[in-house]
Amino acid sequence: MRHNKKFNHLGRTKAHRDAMLSNMATSLILHKRIFTTLAKAKSLRVYVEPLINRAKEDTTASRRVVFRYLQSKEAVTELFKEISVKIADRPGGYTRILKTGNRLGDNAKTCFIELVDYNENMLKEKVAKKATRTRRSKKSAAPAAVTAEAPANEAPVSEAPATPVEEKAAE
């Protein structure tokens, strides 16, 4: 039975797990994307998202709390200067996990974990997806096109140039 087992220990002691997650969070902040196993990525998401959320408010206290977890001045500076500006309006969900398959050797599930606002390929796809196509049949669109073309064909006929006799009659 798994009573009171709230999280994955990843087969490590607490000190080893904390050091590993700290190093992985630092790497994620500095490189914006890291390649790891799925279990570690899920644990890292729980570890790093509250730190990113705390970076929205740039105070001495929040910097000290984040430094306590990361133990890296470069990562803290990067988090508060660059990343917090990009995620300022995002209410949560700062990381994305993309599964990549199984690792050769031990068949462990592997994935990328990345910061959402830094994946240029995903951001470009959102812009391209605005022009979507419908899967409706062309039969329902055909009568609308015919009715739209009919007034266009009649309009030039009714606006034919008037003859000089018609112009005098109109006056």
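The subject of this paragraph is the layout of surface pockets. Of the pockets and cavities examined, the largest pocket occupies roughly 260 Å³. Around the largest pocket sit Phe7, Asn8, Lys14, Arg17, Asp18, Leu21, Ala39, Lys42, Ser43, Val46 and Tyr47, which together line it. Contributions of two or more residues to the lining of the largest pocket are made by helix H1 (14–31) and helix H2 (38–54). Among the elements that take part in the lining of the largest pocket, H2 stands out by supplying five residues, more than any other.

With that out of the way, let us pick up the packing of H1 against H2. Where H1 meets H2, the axes come as close as 10 Å, and the angle between the chain directions of the two elements is 80 degrees. Comparing the axis directions of H1 and H2 gives the class roughly perpendicular. Each of Asp18, Met20, Leu21, Ser22, Met24, Ala25, Leu28 and Ile29 in H1 lies in contact with H2, whose residues at this interface are Lys40, Ser43, Leu44, Tyr47 and Val48. Of the residues assigned to the contact of H1 with H2, the class counts are nine nonpolar, two polar and two charged.

Our focus in this paragraph is the pattern of salt bridges. Inspection of every chain in the model, using the stated rule, returns seven salt bridges. Salt-bridge contacts for Glu78 lead to Lys32; the nearest nitrogen and oxygen are separated by 2.5 Å. Of this pair, Glu78 sits in helix H4 (residues 73–86) while Lys32 sits in the loop between H1 and strand S1 (33–37), and the two are 46 residues apart along the sequence. Given a relative accessible area of 18%, Glu78 falls into the buried group. A salt bridge links Asp117 to Arg90; the nearest nitrogen and oxygen atoms lie 2.8 Å apart.

Another aspect to go through is the nonpolar core. Core analysis: the biggest nonpolar cluster contains 30 residues, and Leu44, Ile52, Leu70, Leu79 and Ile83 have the highest contact counts within it. For this core, the secondary structure elements donating two or more residues are H1, H2, helix H3 (60–70), H4 and strand S3 (109–115). With near-sequence residues (within four places) excluded, Leu79 lies in contact with Ile29, Leu51, Ile52, Ala55, Val66 and Ser84.

This next bit is on the packing of aromatic side chains. If you walk through the whole model with that rule in mind, you get two aromatic pairs. Ring geometry for Phe35 against Phe112: centres 5.4 Å apart, planes inclined by 65 degrees, an arrangement best described as edge-to-face. One end of the pair, Phe35, is in strand S1; the other, Phe112, is in strand S3, with 77 residues separating them in the sequence. Given the relative accessible area of 52%, Phe35 is considered exposed. A relative accessible area of 26% places Phe112 in the partly exposed class. When the ring of Tyr47 is compared with that of Tyr69, the centres are 5.9 Å apart and the planes differ by 80 degrees; the resulting orientation is edge-to-face. With Tyr47 in helix H2 and Tyr69 in helix H3, this residue pair connects regions lying 22 residues apart in the sequence. Take Tyr47: its relative accessible area is 16%, and that puts it in the buried class. Lying across the ring of Tyr69, Arg68 places its NZ or CZ 5.0 Å from the centre.

About the cut-offs
Residues numbered from 1 in each chain as written. Predicted model: local features only at pLDDT ≥ 70, side-chain atom pairs only at ≥ 80, totals over all residues. Heavy atoms only, no water. 1 Å grid on protein atoms, 1.4 Å probe; cavity = no way out; pocket = protein on both sides within 12 Å on 5 of 7 lines; lining within 4 Å. Points joined across faces, edges and corners; volume = space filled by probe spheres on them. Helix = DSSP H or I, 4+ residues; strand = E, 2+ residues; numbered from the N terminus. Axes fitted to C-alpha atoms, helices over the stretch in contact; angles between N-to-C directions. Parallel < 35°, antiparallel > 145°, perpendicular 65-115°, else oblique. Contact = heavy atoms within 4.5 Å. Nonpolar A, V, L, I, M, F, W, Y, C, P; charged D, E, K, R; others polar. Salt bridge = Lys/Arg side-chain N within 4 Å of Asp/Glu carboxyl O. Buried < 20%, exposed > 50% of the residue type's maximum accessible area, 1.4 Å probe, protein only. Core = buried A, V, L, I, M, F, W, Y, C linked by side-chain atoms within 4.5 Å. Phe/Tyr/Trp six-rings, centres within 6.5 Å; stacked < 30°, edge-to-face > 60°. Lys NZ or Arg CZ within 6 Å of the ring centre and 35° of its normal.

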